[in-house]
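The residues making up each chain are set out below.
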Amino acid sequence: MATLPLERVRRGMKGYGLTVFDGFTIEPFQVEVIDVLRGFLPKQDIILMRGDHPVLARAGVLGGMSGSPIYLEGKLVGALAYGWRFAKEPIFGVTP
């Protein structure tokens, strides 16, 4: 699988992620880049994203989604790694 370098990730880019919301069925969900946060942790950048899916609209980003692959321009950009518990929208961080 080809990867998309972090240097090419820009605000507003759209793509998709893959996860399991129920049972064993892998489902896609839509994503949009909010921004790239440089130095989120020491020596660690993240991509801040917003997700779109009926389950995300109701429940937000769920703990079991960690590790879900995220794709932009058909290329792997990273994995879902961080969620914000009390966010009003399904916002999450992706580690490149």
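Please refer to the structure higher up on the page.
Sequence order as written defines the numbering, with residues in each chain counted from 1. Reporting of local features is limited, given that this is a predicted model, to residues whose pLDDT is at least 70; pairs of side-chain atoms are given and counted only at 80 or more, and all residues count toward the totals for whole chains, interfaces and linings. Values shown for side chains rest on all heavy atoms present in the structure; no hydrogens or waters enter the calculation.

Peer 1: Mind laying out the overall build of the protein, listing which residues take part and the relevant values?
Peer 2: For helices the rule is a DSSP run of H or I covering at least 4 residues; for strands it is a run of E covering at least 2, with both sets numbered from the N terminus onward. Counting secondary structure elements, the protein contains one helix and six strands. Walking the protein from its N terminus toward its C terminus, one meets helices and strands in the order β-β-β-α-β-β-β. Radius of gyration: over C-alpha atoms. The globule rule applied is 2.2 Å multiplied by the number of residues raised to the 0.38 power. Relative to the compact-globule value of 12 Å for 96 residues, the protein shows a C-alpha radius of gyration of 12 Å, a close match. Counting only C-alpha atoms, the protein reaches 35 × 30 × 20 Å along its principal axes. When the accessible surface of the protein is summed, it comes to about 5,900 Å², and 55% of that surface belongs to carbon and sulfur atoms. When the 11 positive and 9 negative side-chain charges of the protein are each reduced to one mean point, those points stand 5 Å apart. Accessible surface area values rest on a Shrake-Rupley calculation with a 1.4 Å probe, where residue burial reflects the displayed protein chains alone. As used throughout, the charge tally considers Lys and Arg to be positive and Asp and Glu to be negative, leaving His and the chain termini uncounted. For this purpose, a charge sits on NZ of Lys, CZ of Arg, CG of Asp or CD of Glu.

Peer 1: Outline the sheet that holds strand E5 (residues 75–83), listing residues and values.
Peer 2: Should DSSP find at least two bridges between two strands, the strands are taken to pair. Taking strand neighbours around the barrel as the criterion, the six strands line up as E1-E2-E3-E6-E5-E4 in a closed arrangement whose pairing is antiparallel. Strand-to-strand twist of the sheet, defined as the mean angle between neighbouring strand axes without regard to direction, takes the value 45 degrees. Pairing between strand E4 (residues 69–72) and E5: four bridges, direction antiparallel. By the bridge assignment for E5, Leu 72 is matched with Lys 75. A fitted line through C-alpha atoms serves as each axis, taken over the contacting stretch for helices, and the angle formed by two N-to-C directions is quoted from 0 to 180°.

Peer 1: Could you give an account of the pairing of strand E6 (residues 91–95), naming the residues involved and the relevant values?
Peer 2: Only protein chains enter the accessibility calculation, which uses a 1.4 Å probe; a residue is then buried when its area is under 20% of its type maximum, exposed when over 50%, and partly exposed in between. Burial of E6 is extensive: four of the five residues sit out of reach of the surface. Sheet topology note: the strand E3 (residues 44–52)/E6 ladder contains four bridges and is antiparallel. Paired with Leu 48 across the strands is Gly 93, a residue of E6. The pairing of E5 with E6 spans four bridges and is classified as antiparallel. When the sheet's bridge partners are listed, Ala 79 is paired in E6 with Thr 95.

Limitation: the analysis is restricted to geometry and does not speak to function.
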